[in-house]
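Understanding the architecture of this molecule
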Amino acid sequence: CQVTGYTLSESQRDFAMERAEARGVADRLDIRVQNVLDAELEVEHYDHVVFLESIIHMKEKAELFARCHAALKPSGTLFVQESCYDRNSKGEVYEGDRGYEAVDEAFGGTATMVSAGEMQRLMEEAGLSPVYVENVSNHYTRTLTQWLDNLDRHHDEMVAADPEFFPHLRKYLMIALSTYRMAQTQCFLIAAQKAPLDWIRRHAG
């Protein structure tokens, strides 16, 4: 496959390209340091669009899914792996909370999280039909636990790299893990498909 990736991080782009070169597949990969909402995506060009723990940072979810619908070929699929509230009203509960606002500011828009149901509704409004949903919260709880353990094993290195950021990162992971353990935050895999006859339907008559 040929893959086009978007990230806001130059270091993330460089890391990914180094891994791709080591595996001999760099010629199949094009990673651009750009907000995907600012990208000029070709209409009905892509077979698949994938988001991994990134939509949580985007407020313009409705616009994002509309652009995905336009960029996908008929029968193309959108795949999202994302942290979600256990219910969409939870966002209103946390609004205005000082600690929540601090986390949102420090880690780039995490306050824009929605429930899995709301995520599917937004996909449907964009013309995408959810075809697969799986709750993988148990797996992600284990992942967060391993991240924290790894962070603590490398405590001295992390503090030396950035003494001010380290405590914020650790606190963030602890908060995330606690909300998962209480099942207030959940992790979902959601796949949605563009209608196979979408082009015919839009041009009929």
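Look up: the structure comes first, before these words.
Values in this document were obtained by computation on a predicted structure and should not be read as measured data.

Attention shifts here to the packing of helix 6 (residues 137–153) against helix 8 (residues 165–181). Axis separation between helix 6 and helix 8 bottoms out at 10 Å; the angle between their running directions is 155°. By the angle between their axes, helix 6 is roughly antiparallel relative to helix 8. Relative to helix 8, helix 6 is oriented so that their crossing is left-handed. Seen from helix 6, the contacting residues are Ser137, Tyr140, Thr141, Leu144, Thr145, Trp147, Leu148, Leu151 and Asp152; seen from helix 8, they are Phe166, Leu169, Arg170, Leu173, Met174, Ala176, Leu177, Tyr180 and Arg181. A per-class count over the contact of helix 6 with helix 8 returns 12 nonpolar, 3 polar and 3 charged.

Another aspect to go through is the sheet that holds strand 5 (residues 128–135). The strands that make up a sheet pair up through hydrogen bonds in the backbone, lying either parallel or antiparallel. Strand order across the open sheet formed by 4 strands is 3-4-6-5, with mixed pairing between neighbours. In this open sheet, the two edge strands, each paired with only one partner strand, are strand 3 (46–52) and strand 5. Along the sheet, successive strands turn relative to each other by an average axial angle of 15°, direction set aside. By the bridge criterion, 6 bridges tie strand 3 to strand 4 (residues 72–85) in an arrangement that is parallel. Looking at the pairing, Leu52 lines up with Gln81 of strand 4. Sitting on the sheet, helix 2 (residues 61–71) is in contact with strand 3, strand 4, strand 5 and strand 6 (185–194), with an inclination near 155° to strand 4. Along the sheet, helix 6 makes contact with strand 4, strand 5 and strand 6, crossing strand 6 at roughly 125°.

We now examine the packing of aromatic side chains. Counted under the stated rule, the structure contains 2 aromatic pairs. Both rings, one in Tyr140 and one in Trp147, keep their centres 6.0 Å apart while their planes meet at 85°; by these two values the pair is edge-to-face. Geometrically, the ring pair formed by Tyr140 and Tyr180 is tilted, given 5.2 Å between the ring centres and 55° between the ring planes. Of this pair, Tyr140 sits in helix 6 while Tyr180 is found in helix 8, placing the two residues 40 residues apart along the sequence. Residue classification places Tyr180 among the buried residues on the basis of a relative accessible area of 7%. Each residue in the set Tyr140, Trp147 and Tyr180 is aromatic and connected to the rest through ring pairs, giving one cluster.

Conventions used here
Numbers given for residues are sequential positions, taken from 1 along each chain in its written order. With pLDDT at 70 or above as the cut-off, local features in this predicted model cover only qualifying residues; side-chain atom pairs require 80 or more to be listed or tallied, and sums for whole chains, interfaces and linings still use all residues. To obtain the side-chain values, all non-hydrogen atoms of the structure were used and water was disregarded. Between N-to-C directions, angles cover 0 to 180 degrees, with each direction set by a line fitted to C-alpha atoms, over the stretch in contact for helices. Labels follow the DSSP assignment, with helices taken as runs of H or I lasting at least four residues and strands as runs of E lasting at least two, numbered in each case from the N terminus. Relative orientations are named as follows: roughly parallel for angles under 35 degrees, roughly antiparallel for angles over 145 degrees, roughly perpendicular for angles from 65 to 115 degrees, and oblique for any other angle. Each crossing is labelled by how the near helix is turned from the far one, with a counterclockwise turn of less than a right angle marking it left-handed and a clockwise turn marking it right-handed. The contact definition used throughout considers only heavy atoms, calling two residues in contact when any of these lie within 4.5 Å. By the convention adopted, Pro, Cys, Tyr, Trp, Phe, Met, Ile, Leu, Val and Ala count as nonpolar, Lys, Arg, Asp and Glu as charged, and the other residues, Gly among them, as polar. Should DSSP find at least two bridges between two strands, the strands are taken to pair. Whether two aromatic rings pair depends on their centres lying within 6.5 Å, for rings of Phe, Tyr and Trp, where Trp uses its six-membered ring; planes under 30 degrees apart make the pair stacked, over 60 edge-to-face, and the rest tilted. A 1.4 Å probe rolled over the protein chains alone gives each residue an accessible area, and that area as a share of the maximum for its type sets the label: buried under 20%, exposed over 50%, partly exposed in between.

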